[in-house]
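A look at the structure
If you want the building blocks of each chain, they are given just below.
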Amino acid sequence: MSKIYVDEIAPKTTGGLVKTPTKPIWFGRMATEQTITRGVNVKLTGFTTNKIDTANAFDGTTFTVPTGMAGIYSVTTTISCDFDAIGNDGEVAQGFIYVNGSSYVTLRFTNVTYRDMAFVPLTITTMVDLAEGDTVESYVYLVDDNGGNAGTNTAGTTFSGHFIG
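Our subject in this report is the structure included herewith. (Residues numbered from 1 in each chain as written. Predicted model: local features only at pLDDT ≥ 70, side-chain atom pairs only at ≥ 80, totals over all residues. Heavy atoms only, no water.)

Attention now goes to the nonpolar core. By size, the foremost hydrophobic cluster in this structure holds 31 residues, and its most contacted members are F63, Y73, V75, C81, F83 and L142. Residue assignment for this core shows that the elements contributing at least two residues are β7 (71-82), β8 (90-99), β10 (119-130), β11 (135-144) and β13 (158-163). (Core = buried A, V, L, I, M, F, W, Y, C linked by side-chain atoms within 4.5 Å. Buried < 20%, exposed > 50% of the residue type's maximum accessible area, 1.4 Å probe, protein only. Helix = DSSP H or I, 4+ residues; strand = E, 2+ residues; numbered from the N terminus.)

Written out as C-alpha cells, the structure is:
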C-alpha cells in the first residue's frame, strides 16, 4: 500500500496561507446624504465609507462582475429613507436592486395616513446569477405628501454583496 503525503495533494502555499482566487466581496456605507427627487427612481451613489472591495469591482456606486467571477451572488441594500426635514409626512418609500440597468427586486412601503412618517428603513436581500460584466446598483423612489424632496440618511444606507459560487 502506498502512502499519500499531504504535500502532494494540498494546494501550494506561501507563508502558511493557501493561495486561492479572490472571490468578490463589496460593501460601502453612504458617505453623504443624498436628496431624492420626488417620484423618480434615483440611483444611490457614494457608498465609500468603510468601503470593502476585494476584487476592484465596486466603484462606490456600481458593482461590475469581474472576468472569471460569473456565478451566484448574494446582494443586499439597506436604505434609510428620511422624511424628517420635510414635515414627517412620507407617503411612499421604495427600494430597488438593479441588475444591468433594470429593476431586479423591489421592496415598497406605503403610508396611507401621510402622517408621522419620518424615517423608513428598507432592507432588500436577494440572490442573483450574474455573468461577467453584469452590473448591480441600488436605487430608491420616495414620495412625500406635501411635495417635498426626501432624502437618505448616511448612518443606515449601505450596499453590499458577495460571491457564493
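Our focus in this paragraph is the packing of aromatic side chains. Here the structure, examined in full by the defined rule, presents 10 aromatic pairs. When the centroid spacing of 5.7 Å and the interplanar angle of 45° are considered together, the rings of F47 and F159 count as tilted. Residue F47 is located in the loop between β4 (42-43) and β5 (49-53), and its partner F159 is located in strand β13; the two are separated by 112 residues in the primary sequence. You'll find F47 and F159 in the same group, each marked buried. Consider the rings of F96 and Y98, whose centres lie 5.9 Å apart with planes at 90°: the pair is edge-to-face. Clustering of aromatic rings is evident, with ring pairs tying together W26, F47, F58, F63, Y73, F159 and F163. (Phe/Tyr/Trp six-rings, centres within 6.5 Å; stacked < 30°, edge-to-face > 60°.)

Tracing the sequence through the fold places T78 in strand β7. Side chain to side chain, T78 and T123 meet in a polar contact 3.3 Å long. Each residue touching T78, except ones within four places of it in the same chain, is listed here: L122, T123, G156, T157 and T158. (Polar contact = N/O pair within 3.5 Å; in protein donor to acceptor, adjacent residues only side chain to side chain. Contact = heavy atoms within 4.5 Å.)

Take the pairing of β13 next. Burial analysis of β13 places 5 of its 6 residues in the buried class, which makes it a mostly covered element. Alignment of strand β3 (residues 25-29) against β13, held across 5 bridges, turns out to be antiparallel. Considered in β13, the bridge of R29 is made with T158. Note: β7 against β13, 6 bridges, orientation antiparallel. When the sheet's bridge partners are listed, T77 is paired in β13 with F159. (Pairing = 2+ DSSP bridges.)

Another point: the pattern of salt bridges. In total, this model carries 2 salt bridges according to the counting rule given. The salt bridge partner of R38 is E91, with a shortest N-O separation of 3.9 Å. Note that R38 is positioned in the loop between β3 and β4 and E91 in strand β8, a separation of 53 residues in sequence. The buried category is assigned to E91, whose relative accessible area is 17%. A salt bridge links K43 to E137, with the nearest nitrogen and oxygen atoms 3.2 Å apart. (Salt bridge = Lys/Arg side-chain N within 4 Å of Asp/Glu carboxyl O.)

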